[in-house]
Amino acid sequence: MPPLPAVPGDIDGNRDVDLSDAAGFVDRLLGPFVDPVQAGWDRVDFDLDFDVDLRDLAAMQNAFDAAP
Ligand SMILES: [Ca+2]
Ligand SMILES: [Ca+2]
């Protein structure tokens, strides 16, 4: 069975987007900078421009709202 696709915004990998992921997003919100040692930043770089900024925050809000 192939692995399930990643859930956008799911930083901790438990297949949901909840308060734990939101807290992780805030930790990774560095504007135009990325800390490459901070795991999971790429899971919240929604627009794939190699940063975690306010544009990604808008997408994170949508992912959070869409979560069951
Ligand atoms: Ca999660
Ligand atoms: Ca980004």
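Parameters at a glance
- Residues numbered from 1 in each chain as written.
- Chains lettered and ligands numbered in written order.
- Predicted model: local features only at pLDDT ≥ 70, side-chain atom pairs only at ≥ 80, totals over all residues.
- Helix = DSSP H or I, 4+ residues; strand = E, 2+ residues; numbered from the N terminus.
- Expected span 1.5 Å × (residues − 1).
- Buried ≥ 20, exposed ≤ 12 C-beta atoms within 10 Å, placed from the backbone.
- Arc of directions from axis to C-beta.
- Contact = placed C-beta atoms within 7 Å.

Student: So what exactly am I meant to see when it comes to helix H2 (residues 54-66) here?
Tutor: One full turn of an α-helix is made of 3.6 residues, so residues set three or four places apart face in the same direction. For H2, spanning 13 residues, the distance from its first C-alpha to its last is 19 Å, which sits close to the expected 18 Å at 1.5 Å a residue. When we look at burial in H2, the residues that qualify are Asp56, Met60 and Ala63. Around the axis of H2, the buried residues are gathered within 60° of arc, so they sit on the same side. Exposed positions of H2 whose direction lies more than 90 degrees from the buried face are Leu54, Ala58 and Asp65. Considering only its buried residues, H2 is in contact with helix H1 (19-28).

Student: Can you help me understand unusual backbone geometry in this one?
Tutor: It is generally the case that most residues other than glycine have a negative phi and that most peptide bonds are trans. Phi is positive for Arg15, close to 70°, though the residue is something other than glycine. Inspection of the secondary structure assignment puts Arg15 in the segment before H1. For Arg15, a count of 10 C-beta atoms within 10 Å gives the class exposed.

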